Amino acid sequence: MLLDENSFLEIGNRIENTGKGISLKQKVPYDGVITGYGYINGEKIFIYAQDFTVLGGTLGENHGKKIVNLMKLALKECKPVIGILDSGGARIQEGVCSLFQYGQVFKYNVKASGKIPQISIIVGSCAGGAVYSPALTDFIFIVDKIGKMFLTGAEVTNKTLGTNYSNATYGNSEFISKKAGVAHFRYENEEKCYLDVRRFVSFLSSKNTEDNSGEDFRLKKWDFNLPGSPRQVYDIKLLINQIVDQETFIEVKKEFAMNVVTGFALINGTKMGIIANQPFVSAGILDCDASDKIAEFVRFCDSFNIPVVTFVDTPGFMPGETEESKGIIRHGAKIVFAYSESTVLKITIIIRKAYGGAYIAMGSKGLGTDYVFAWENAEVAVMGAEEAVSILYKNEIDSLNGEDREELIRDKVSEYQRCLVDVENAAKEGIVDAVIKPKETAEYIYKCLVQRDGGGTDFFKHTLNPM
Ligand code: HXC
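Residues numbered from 1 in each chain as written. Predicted model: local features only at pLDDT ≥ 70, side-chain atom pairs only at ≥ 80, totals over all residues. Heavy atoms only, no water.

### A look at the overall build of the protein chain
Then, number 1: Across its full length, the protein chain holds 16 helices and 17 strands.
Then, number 2: By the compact-globule yardstick of 23 Å for 467 residues, the protein chain fits well, its C-alpha radius of gyration being 25 Å.
Then, number 3: Dimensions along the principal axes, computed over C-alpha positions, put the protein chain at roughly 90 × 60 × 35 Å.
Then, number 4: Burial analysis of the protein chain (467 residues in total) assigns 52% to the buried set.
Then, number 5: The contacts of the protein chain with a sequence gap of at least 6 include a subset with a gap of at least 24, amounting to 73%.
Then, number 6: As displayed, the protein chain has an accessible area near 21,500 Å², and 53% of this comes from carbon and sulfur atoms. (Helix = DSSP H or I, 4+ residues; strand = E, 2+ residues; numbered from the N terminus. Rg over C-alpha atoms; globule rule 2.2 N^0.38 Å. Buried < 20%, exposed > 50% of the residue type's maximum accessible area, 1.4 Å probe, protein only. Contact = heavy atoms within 4.5 Å. Areas by Shrake-Rupley, 256 points an atom, 1.4 Å probe, with all protein chains shown as cover.)

### Concerning the packing of helix α1 (residues 61–77) against helix α2 (residues 95–112)
Then, number 1: Direction vectors running N to C along α1 and α2 enclose 15 degrees, while the axes themselves pass 8 Å from each other. For the element pair α1 / α2, the angle class is roughly parallel. As for the relative orientation of α1 and α2, their crossing is left-handed in sense. From α1, E61, G64, K65, I67, V68, M71, K72 and L75 reach across to α2, where they touch C97, Q101, Q104, V105, Y108, N109, K111 and A112.
Then, number 2: Grouping the amino acids of the contact of α1 with α2 by side-chain chemistry returns eight nonpolar, four polar and four charged. (Axes fitted to C-alpha atoms, helices over the stretch in contact; angles between N-to-C directions. Parallel < 35°, antiparallel > 145°, perpendicular 65-115°, else oblique. Left-handed = near helix turned anticlockwise from the far one by under 90°. Nonpolar A, V, L, I, M, F, W, Y, C, P; charged D, E, K, R; others polar.)

### What to know about empty space enclosed by the protein
Then, number 1: Following the criterion strictly, the structure yields three cavities of 30 Å³ or more and no others.
Then, number 2: Of the pockets and cavities examined, the largest cavity occupies roughly 70 Å³.
Then, number 3: Along the walls of the largest cavity sit Y48, M71, V81, I82, G83, L85, N109, Q118, I119, S120, S133 and T137, which together make up its complete lining.
Then, number 4: If you list the elements that add at least two residues to the lining of the largest cavity, you get β4 (81–85) and β5 (118–122).
Then, number 5: The element best represented in the lining of the largest cavity is β4, accounting for four residues.
Then, number 6: Partitioned by chemical class, the residues of the lining of the largest cavity number six nonpolar, six polar and no charged.
Then, number 7: As a volume, the second largest cavity reaches approximately 40 Å³.
Then, number 8: Looking at the second largest cavity, the residues that line it are Y48, Q50, L59, I67, L85, Y102, V105, G129, A130 and S133.
Then, number 9: Among the secondary structure elements, those contributing two or more residues to the lining of the second largest cavity are β3 (43–50), α2 and α3 (129–135). (1 Å grid on protein atoms, 1.4 Å probe; cavity = no way out; pocket = protein on both sides within 12 Å on 5 of 7 lines; lining within 4 Å. Points joined across faces, edges and corners; volume = space filled by probe spheres on them.)

### Some thoughts on the site of the ligand
Then, number 1: Every one of the 21 residues lining the ligand counts as a neighbour, but G88, A90, I92, G129 and Y132 are closest to it.
Then, number 2: For the ligand, a nitrogen atom lies 2.9 Å from a polar atom in the backbone of G88.
Then, number 3: Relative to its free-state accessible area of 1,000 Å², the ligand is covered by the protein chains to the extent of 58%.
Then, number 4: Looking at the shell around the ligand residue by residue, the classes come out as ten nonpolar, ten polar and one charged. (Near = heavy atom within 4 Å. Polar contact = N/O pair within 3.5 Å; in protein donor to acceptor, adjacent residues only side chain to side chain.)

### Looking at the pattern of salt bridges
Then, number 1: Scanning the model with the defined rule gives 24 salt bridges in all.
Then, number 2: Note that D4 and R198 form a salt bridge whose closest N and O atoms lie 2.9 Å from each other. With a gap of 194 residues between them, D4 in the segment before β1 (9–11) and R198 in helix α6 (residues 190–205) connect regions that are remote in the sequence. With respect to class, D4 is no different from R198; both count as buried.
Then, number 3: Where E77 meets K44, a salt bridge forms, and the shortest distance between an N and an O atom there is 2.8 Å. (Salt bridge = Lys/Arg side-chain N within 4 Å of Asp/Glu carboxyl O.)

### Notes on the pairing of β4
The two faces of the sheet receive side chains in turn, since in a regular strand these alternate between them.
Then, number 1: By the criterion of burial, β4 is predominantly enclosed, with five of the five residues buried.
Then, number 2: Burial of β4 is two-sided: the residues V81, G83 and L85 facing one way and the residues I82 and I84 facing the other way are all buried.
Then, number 3: Where β3 and β4 come together, four bridges link them in parallel fashion. Across the sheet, I47 pairs through a bridge with I82, a residue of β4.
Then, number 4: Handedness of the crossover is the feature at issue here: the chain leaves β3, passes through α1, returns alongside β4, and the resulting connection is right-handed.
Then, number 5: As judged from the five bridges shared by β4 and β5, these two strands associate in the parallel manner. Across the sheet, residue G83 finds its bridge partner in β5, namely S120. (Pairing = 2+ DSSP bridges. Right-handed = clockwise from strand over helix to strand, strands pointing away.)

### Considerations on the nonpolar core
Then, number 1: Core analysis: the largest hydrophobic core is formed by 59 residues, its most contacted members being I82, I121, F141, F264 and I350.
Then, number 2: In this structure I350 touches V312, Y359, V372, F373, A374, W375, A378, V380 and V432, once residues within four positions along its chain are discounted.
Then, number 3: L239, I240, I267 and I274 belong to the second largest nonpolar core, which has 30 residues in total. (Core = buried A, V, L, I, M, F, W, Y, C linked by side-chain atoms within 4.5 Å.)

### With respect to the state of the cysteines
Then, number 1: Per the stated rule, a full pass over the model turns up zero disulfides.
Then, number 2: C448 provides the cysteine sulfur closest to C301, a residue in no disulfide bond, and the two sulfurs are 16 Å apart.
Then, number 3: A relative accessible area of 0% means that C301 is categorised as buried. (Disulfide = S-S within 2.5 Å.)

### Section: the layout of surface pockets
Then, number 1: By volume, the largest pocket is sized at about 780 Å³.
Then, number 2: Lining the largest pocket are 32 residues, with A135, T137, A295, E296 and R299 positioned closest to its centre.
Then, number 3: Of all elements in the fold, only α3, β7 (139–143), α8 (288–303) and α10 (328–341) reach the threshold of two or more residues within the lining of the largest pocket.
Then, number 4: The dominant element in the lining of the largest pocket, judged by the number of residues it contributes, is α8, at nine residues.
Then, number 5: Considering only enclosed or pocket space, the second largest pocket measures out at about 610 Å³ in volume.

Structural data, given as structure tokens:
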């Protein structure tokens, strides 16, 4: 279902279990994992699939060696690796030998990280190492009903903690995608999942052509308007779809941290990664989960030379005890780190609000973003006018009552808006490169994308000899 017809070539199909360990004197066919390579729309990929019918798809010594061997080949040839996972984790009967091999699988997941794309497909009950290895890969696809992920299964948890969980309590595909934010894509059945993996691999490996074969944005009718009031919400995905080529937007982690949107798309056939605040959910504020989601996405794009386009409309980082205790300082720092460290082309568009730390974090010029554009009437400032005035003029405001007090606040808010919020100030400082009309957005992005490197984004351009 996943590979081009008749393209699979199996490697190591005579390898069985080592025979070490307790109660494993019988032969275990192919040690429970099938490894090899094949093609997806003509693109070579390395692939392994665990077989649950063979000792629960567990990883014994030779099972691990087969996977590591496959990853070494993929690294040498700079090709993606896809794992189809259905495994109870380390094979208990083989003791430390299976634990050691899991260590090796993890090590090679990390060696491959940022050099070749790694994709995990979860189509069974996966536990222990069978979830930690996917967690080290770039993208996790999970299938409803059959796909489950937990570090520790219910039985072991109940024995250890004296609890009464069933395997249905946690780890199902919805829990893993929405709550835990572990899976990037979720499907109702295997057919849809494999079709989308094919589409995704082709998207990642495609080279941008110079003939601009995508949709011509100049011919597209502009059909997006911001709401009348800055406090009104709207769906940022309407704007994204207005700007990118029709039906090319592939949203990543769309059920998790929905206050931000991440995904891939094309403009005029040119590939990019998109990050955006979503005003529709919690006003597009940044919290711990949103920070993790953005940082992970920037790092993937940077590794594979996919330009990052950021749309900003955020009131700031989420204040309050809940997020502070979850470690918003630690999580928020990841966004700053990811943008600052990345060397890929970065373009930021400030749509409406860009305040304080969230303004800095969302691909600001200060972090090294190459081009920053802002829509007319965008607001760029340390904080909103009313909050700022209440801090700056606290004593004066407190000393007045009634209409005098209201008048002072009105005057100071208006002065602050004019002098410190108006986007023209940021443009004069060179922190914003141009103030643009909404309908010019696609053109500005596209020009920045194609004017570098003669126009193409070569997927493996930054891939050095990985060994
Ligand atoms: C050996 C195992 C096994 C394991 C399952 N089996 N897990 N054999 N080692 N780790 C075997 C079962 O004995 C059974 O064999 C067959 O696989 C199917 O398992 P069932 O339990 O019958 O299936 P199901 O009810 O679907 O439950 C699947 C499961 C559950 C949720 C995966 O088996 C489970 O919780 N297993 C333990 C998971 C776990 O804690 N793994 C962590 C290992 S440590 P028969 O002969 O009856 O068909 C690890 C180290 C790395 O992975 C950790 C990194 C952090």
